[in-house]
Amino acid sequence: MITHTAQLPLLLMGPMVRRADKTSVCIQFATSKPANCRIELLSYECYSDQHSVSLGEHLYLHFVIIKPINHKFPTDSLLSYELIVDDTPIDLSPWCYSNQATPAFVIPNKLSDILHGSCRNAHHPAKDSLVSASHWQNTQRGNNNQGAQLLLLSGDQVYADDVAGPMLLAIHQLIEALGIYKEQPLTIELSNDINEQLYNRHLFLPKTPWQKRSKLGVSYWLKKDEPHFSSVKANNHLIHFEEYIALYLLNFSAAAWQCVDIKNSTYAGQNAQKKTIFNAEKSALIDYTKGLSDVERLFANVSTLMIFDDHDVTDDWNLTAGWEQAINQNPVSKRIVSNGLISYWLFQGMGNDALTKTGTLIAAFKDSLASSNTWQFKAFDKTLTEFSHWHYELTTVPKVVVLDTRTHRWRNEQNFNEPSGLLDWERLTDLEQSLLSHDQVIIVSPAPVFGVKSIEAIQALFNMCGQPLTVDVENWMAHEGSARKLLDTFRRDDTPNETLILSGDVHYSFCFSVQKRFGDHPNRVWQLTASGIKNEFPRKLINILDKLDSILYSPKSPLNFFTKRWHMEVDKHQTKGDGQKYLVSDSAISLITLEQGNLARYQLIHGDGHLTEFDLAQH
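Residues numbered from 1 in each chain as written. Predicted model: local features only at pLDDT ≥ 70, side-chain atom pairs only at ≥ 80, totals over all residues. Heavy atoms only, no water.

A. Expanded view of the pairing of strand S2 (residues 25-31). Most of S2 sits inside the fold, with 7 of its 7 residues counted as buried. Burial along S2 is two-sided: the residues Val25, Ile27, Phe29 and Thr31 and Cys26, Gln28 and Ala30 are all buried. One ladder, built from 5 bridges, connects strand S1 (residues 11-20) with S2; its direction is antiparallel. Within S2, the position partnered with Met16 by the bridge is Gln28. The turn linking S1 back onto S2 is made up of 4 residues. (Buried < 20%, exposed > 50% of the residue type's maximum accessible area, 1.4 Å probe, protein only. Helix = DSSP H or I, 4+ residues; strand = E, 2+ residues; numbered from the N terminus. Pairing = 2+ DSSP bridges.)

B. Region of interest: the packing of helix H9 (residues 331-352) against helix H11 (residues 378-386). As a packed pair, H9 and H11 sit with axes 11 Å apart at the nearest point and diverge in direction by 70 degrees. Of the possible angle classes, the one that applies to H9 and H11 is roughly perpendicular. The two elements H9 and H11 meet at a crossing, and its hand is left-handed. Taking contact as the criterion, the partners of Arg335, Ser338, Leu341, Ile342 and Trp345 in H9 are, on H11, Phe380, Asp381 and Leu384. (Axes fitted to C-alpha atoms, helices over the stretch in contact; angles between N-to-C directions. Parallel < 35°, antiparallel > 145°, perpendicular 65-115°, else oblique. Left-handed = near helix turned anticlockwise from the far one by under 90°. Contact = heavy atoms within 4.5 Å.)

C. Region of the structure containing the pattern of salt bridges. Applying the stated criterion to the full structure yields 26 salt bridges. One salt bridge connects Glu243 with Arg201, and the closest N-O pair in it is separated by 2.5 Å. A residue pair is termed long-range when its members are at least 10 positions apart, and Glu243 in helix H5 (residues 241-252) and Arg201 in the loop between helix H3 (194-197) and strand S12 (207-208) qualify at 42 residues. When its relative accessible area of 0% is taken as the criterion, Arg201 is described as buried. The partner of Arg492 in a salt bridge is Glu432, with the nearest N and O atoms 3.1 Å apart. A residue pair is termed long-range when its members are at least 10 positions apart, and Arg492 in the loop between helix H14 (480-490) and strand S19 (498-503) and Glu432 in helix H12 (residues 425-435) qualify at 60 residues. Residue Arg492 is classed as partly exposed on the basis of its relative accessible area, which comes to 28%. Using a relative accessible area of 9% as the deciding quantity, one classes Glu432 as buried. Residues joined by salt bridges that share partners form a network here, namely Glu432, Lys485, Arg492 and Asp494. (Salt bridge = Lys/Arg side-chain N within 4 Å of Asp/Glu carboxyl O.)

D. Fine view of H5. For H5, which comprises 12 residues, the first-to-last C-alpha distance of 17 Å matches the rise-based estimate of 16 Å (1.5 Å per residue) to within 8%. Burial analysis of H5 places 12 of its 12 residues in the buried class, the great majority of the element. Those residues of H5 not exposed but buried are Phe241, Glu242, Glu243, Tyr244, Ile245, Ala246, Leu247, Tyr248, Leu249, Leu250, Asn251 and Phe252. (Expected span 1.5 Å × (residues − 1).)

E. Representation of the packing of aromatic side chains in the model. Under the criterion given, the structure shown has 29 aromatic pairs. Relative to Phe490, the ring of Phe450 has its centre 6.0 Å away and its plane inclined at 40 degrees; by these criteria the two rings are tilted. On the criterion of sequence distance, the pair formed by Phe450 in the loop between strand S18 (440-444) and helix H13 (453-464) and Phe490 in helix H14 is long-range, its members being 40 residues apart. Given a relative accessible area of 0%, Phe450 falls into the buried group. Residue Phe490 is classed as buried on the basis of its relative accessible area of 3%. An aromatic cluster is present here, built from Tyr181, Phe241, Trp345, Phe365, Trp375, Phe377 and Phe380 joined pairwise through their rings. Cation over ring: Lys572 sits above Tyr582, and NZ or CZ is 4.4 Å from the ring centre. (Phe/Tyr/Trp six-rings, centres within 6.5 Å; stacked < 30°, edge-to-face > 60°. Lys NZ or Arg CZ within 6 Å of the ring centre and 35° of its normal.)

Spelled out as structure tokens, the structure:
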């Protein structure tokens, strides 16, 4: 492990092209020392503004906003750039594609090729399909093509609640190596030895005593204290702010792994089962690190936009009003959730709008660092809670509308244990207005709007039994009000002729097309679900559910009339070639090809490099 400052690489996180539009471009990166930075485009006059945040003694997060001198940047063409730090050009060759002297990106206007995916769990044994996407992009650039103009990541870019044992050790090594500033100590009874915390953290997370729970719940009669955090893999759940910061670096940066020593990390406990798990996770993480340079190259060459889902903060985040209430009534639980949201804002949220609205939080965040270099977030938490602009749009063709389905929930005020709607009435009304007066629109919704009916039926059954958290009842149809409002929107005659909904979350991929059963307006909705980038649903189980759905909800099945969306005709599309199927559980990122704004091709780029294509013409 690196312990000497002189050995730290200057760039701790390579350049990541974030929002790129006609009037500004945002590029973010991290350095191990304070620096004056600027970005220069090689073929276009521009100037840049720097915004930096100090996160540790040797960790500085930078956002450089590039603006054109002559009113607007050119669109739909490659723009090469270089990074200058303290008046010295930085060698960016590690982030260049074949036959390119510098990284280059496209400011999209007319979208033709989009990469989209979600759910990237670093220690999952599946291959990282972002690496395959980077190889595909390299091939396109090598053939003098632009490749993908956009990379849309729709949630669970990190798993803060599902952390591998070796990753937790690496996190604490990185905290010390970079001197990442720590938050004010929390009142939680954890051992000071990180080795003793491994696979035991869930035992110390806050719980509600059974005596204080409602008599309507099962846990009351079983005399069982119920944990506030409902993740089933919370053994190494992140707690402290500095841990979240280190996790992001280790997920996004190859250089961060040069500062830690995972190869020699070991499980010091005596539990044989945990030792086996530790070694398997270690092997998966070592394999993961080998592809990070390819992933960084993709980030440096394609405008990358993100939105959170639950695992970026914690599993089931805001799923029910009861979940929210339990969290907000406990200062430690509330602090952990805030830590996840602050770290999301720093590493994902600010780049989405080039700091236009998210940048207004910077001053209050900096004020939270006390003179002792300790974070004291009490005042900032209130500012963060009141912030309501995580969603955003792109004025491309088609228009892109990215939804925040976590902090604008439609809560059930009669039963706090019922699932909340993914969007409240106000945001659903805003969405409705966003769709009008456009021929084509792309909606990014972390959870599919039109999901697999058999799986949603199983979720509804668990919800009826009062256990919505057990099977993550987070589908759009689970809440009567939000489901009805959204479906009414899609059935309007003045909505786009073609709407693409890009979703993830579920750990399997599929392609559905949807049209309303009655009326003359020929509007079509495509539900394109790609999940996960580095995660998979159990394959045997998904095959069973696939067959069950085909039997129970065939086109002529009367069960269709008992679903909330029976006014909409949903067609499932199979994959092409041998082994045709509707549901694909194989780590993948999707490649969406558009012609004149309409869907022309939908493919999956899998972690091992092979492609799967859905038959769009099938009915």
